[in-house]
Amino acid sequence: AQRPRLGAGGLDDQVQALRTAVADGVFTLDGTGFAPCTWTTFDPMFARGTYTRIGLLPGLHEFQVQARDRDIPPNVGSPAVWRWVIQSPPTPAEVSCGEILVESVQVTNDLIDCPGHGLIVGKSGITVDLDGHVIDGLGLEAGILSHGFDNVTVTNGTVSEFDYGVQLNPGTGRNVISSMQVLHNQEGGIALADAHQAGNGNTLRGNTLTFNKIGIALYSGTKNAIVRENQLAANAGQGVYIEHASS
C-alpha cells in the first residue's frame, strides 16, 4: 500500500480522505474494525479508493489500510498507518501587535501600523484564523512569525507592509499557510528559512501574493516544502525564489 495521503489540513481536518493503491484491501478508522475498501477505479494491477468521514471530534485519530492479494488464503501486508490530531476550534479573541499566541485563536480585530512583529506563534499545534482581518506593519520584522513550532495553521486573512509577511524559521515543520492575502512586504511575502522538522516540510496552499519584493522565498536549509495553488503577481523580484532548499 502507498503511504496514506490525507486531504486538507488545519481547519479542514474534519473532512478526511485517504487514497491507496493495492490489489485488494481493508481499512479501519480509530480501531472500529476492518472493513473492505470500496474502489472508485479498478483494474487487475491498480486500484484507487477514497474514504470520507465528516464530523470527527477533536483528539487523536488513526486510519489504517491493509493490502491483501487474491490468493486463498490471502497474503496480508502490514497496515499503512496515518495518525493525526484534530484541535479544538479556535476561540474568538482580540489580539495586539507583538502578541505571543499559545492557543488557537479566531482573530476579531485588525492590527494597523505594528511597529515590530504582528503576531508571534508561541506553541505547536495551534490555529491562527485571521477570519478576514488585516495585520499591517511599518515595514519592519514579520507579520506572523514562528520560531520552530510545528503543526500550526495560519489562514484566512491579510498581512501587509512588514519585512516578511509570514516567516517560518528553523525547526518549523508540518505547518499550513493557506488562504492568505500577502502584499506590500519589503523582502518577501512568505519566507521559509531552514524550515523543516526532521525532514517534515511545510505547506503553502491557496495564497495570493502581490506587490512584495519576492512572493515566496525558500531559503537555505528548507526541506520538502509543498507549494501549490498559490497566485503570484506584480512582485518586484522573483515570484518564487529557491536558495539551497527543496520543495
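As a reminder, the structure under discussion sits directly above these lines.
Before going into details, it helps to say that this report is about the structure given with it.

**As for the sheet that holds strand β9 (residues 99–101)**
Part 1: Strand order in the open sheet formed by 7 strands is β9-β12-β15-β17-β19-β22-β25, and the pairing between neighbours is parallel. Strands with a single pairing partner mark the edges of an open sheet, and in this sheet they are β9 and β25 (240–242). The sheet shows a mean angle of 15° between the axes of neighbouring strands, direction not considered.
Part 2: Inspection of the sheet shows strand β19 (residues 188–193) paired to strand β22 (residues 216–219) by 4 bridges, in the parallel sense. By the bridge assignment, L192 is partnered in β22 with L218.

**Some words on the state of the cysteines**
One covalent bond between the sulfur atoms of two cysteine residues makes up a disulfide.
Part 1: Evaluation of the coordinates by the stated rule reveals 1 disulfide.
Part 2: Note that C97 is cross-linked by a disulfide to C114, the S-S spacing being 2.1 Å. One quick way to see it: the torsion about the S-S bond of C97 and C114 is about -75°, and its sign makes the bridge left-handed. Of this pair, C97 sits in the loop between β8 (91–93) and β9 while C114 sits in strand β11 (residues 111–114), and the two are 17 residues apart along the sequence.
Part 3: For C97, a relative accessible area of 34% puts it in the partly exposed group.

**Details of the side chain of T222**
Part 1: Along the chain, the position of T222 falls in the loop between β22 and β23 (226–228).
Part 2: When residues no more than four places from it in sequence are discounted, the contact partners of T222 are L192, A193, D194, A195, H244, A245 and S246.

**Describing the pattern of salt bridges**
Part 1: Under the defined criterion, the tally for this structure stands at 2 salt bridges.
Part 2: In this structure, the salt-bridge partner of R83 is E62, at a minimum N-O distance of 2.6 Å. Of the two residues, R83 sits in strand β7 (residues 80–86) while E62 sits in strand β6 (residues 59–67), which places them 21 residues apart along the sequence.
Part 3: Classification of R83 by relative accessible area gives exposed; the value is 54%.
Part 4: The partner of K213 in a salt bridge is E187, and the shortest N-O contact between them spans 3.8 Å. With a gap of 26 residues between them, K213 in the loop between β21 (208–210) and β22 and E187 in the loop between β18 (176–183) and β19 connect regions that are remote in the sequence.

**Description of empty space enclosed by the protein**
Part 1: In the structure shown here, the tally under the stated rule is 1 cavity of 30 Å³ or more.
Part 2: The calculated volume of the largest cavity comes to roughly 40 Å³.
Part 3: Lining of the largest cavity is provided by V121, I144, L145, S146, V152, V154, V166, Q167, L168, N175 and I177.
Part 4: Those elements giving two or more residues to the lining of the largest cavity turn out to be β15 (142–146) and β17 (164–168).
Part 5: Tallied by class, the residues present in the lining of the largest cavity amount to 8 nonpolar, 3 polar and no charged.

Cut-offs and rules
Counting starts from 1 at the beginning of each chain's written sequence and moves along it residue by residue. The predicted nature of this model means local features are confined to residues of pLDDT at least 70 and side-chain atom pairs, given and counted, to a pLDDT of 80 or more, with totals for whole chains, interfaces and linings taken over all residues. As a rule here, side-chain values come from all non-hydrogen atoms in the structure, and water together with hydrogens is ignored. DSSP-based pairing: two strands are paired if at least 2 bridges between them are found. Secondary structure elements follow DSSP: runs of H or I no shorter than four residues count as helices, runs of E no shorter than two count as strands, and numbering proceeds from the N terminus. Angles run from 0 to 180 degrees between N-to-C directions of axes, and those axes are lines fitted to C-alpha atoms, restricted for helices to the stretch in contact. For this text, the term disulfide refers to a pair of cysteine sulfurs within 2.5 Å. Summary of the burial criterion: residues with accessible area below 20% of their type's maximum are buried, those above 50% are exposed, and those between are partly exposed, where the area comes from a 1.4 Å probe applied to protein chains only. We call two residues contacting when some pair of their heavy atoms lies within 4.5 Å. Salt bridge criterion: a side-chain nitrogen from Lys or Arg within 4 Å of a carboxyl oxygen from Asp or Glu. Cavities and pockets were defined on a 1 Å grid built from protein atoms only: a cavity is a group of points that admits a 1.4 Å probe but offers it no way out, a pocket is an open group of points flanked by protein on both sides within 12 Å along at least five of seven lines, and a lining residue is one with an atom within 4 Å of any such point. Grid points are joined across faces, edges and corners, and a volume is the space filled by probe spheres set on the points. Three classes are used, and their members are as follows: Ala, Val, Leu, Ile, Met, Phe, Trp, Tyr, Cys and Pro are nonpolar, Asp, Glu, Lys and Arg are charged, and the others, Gly among them, are polar.

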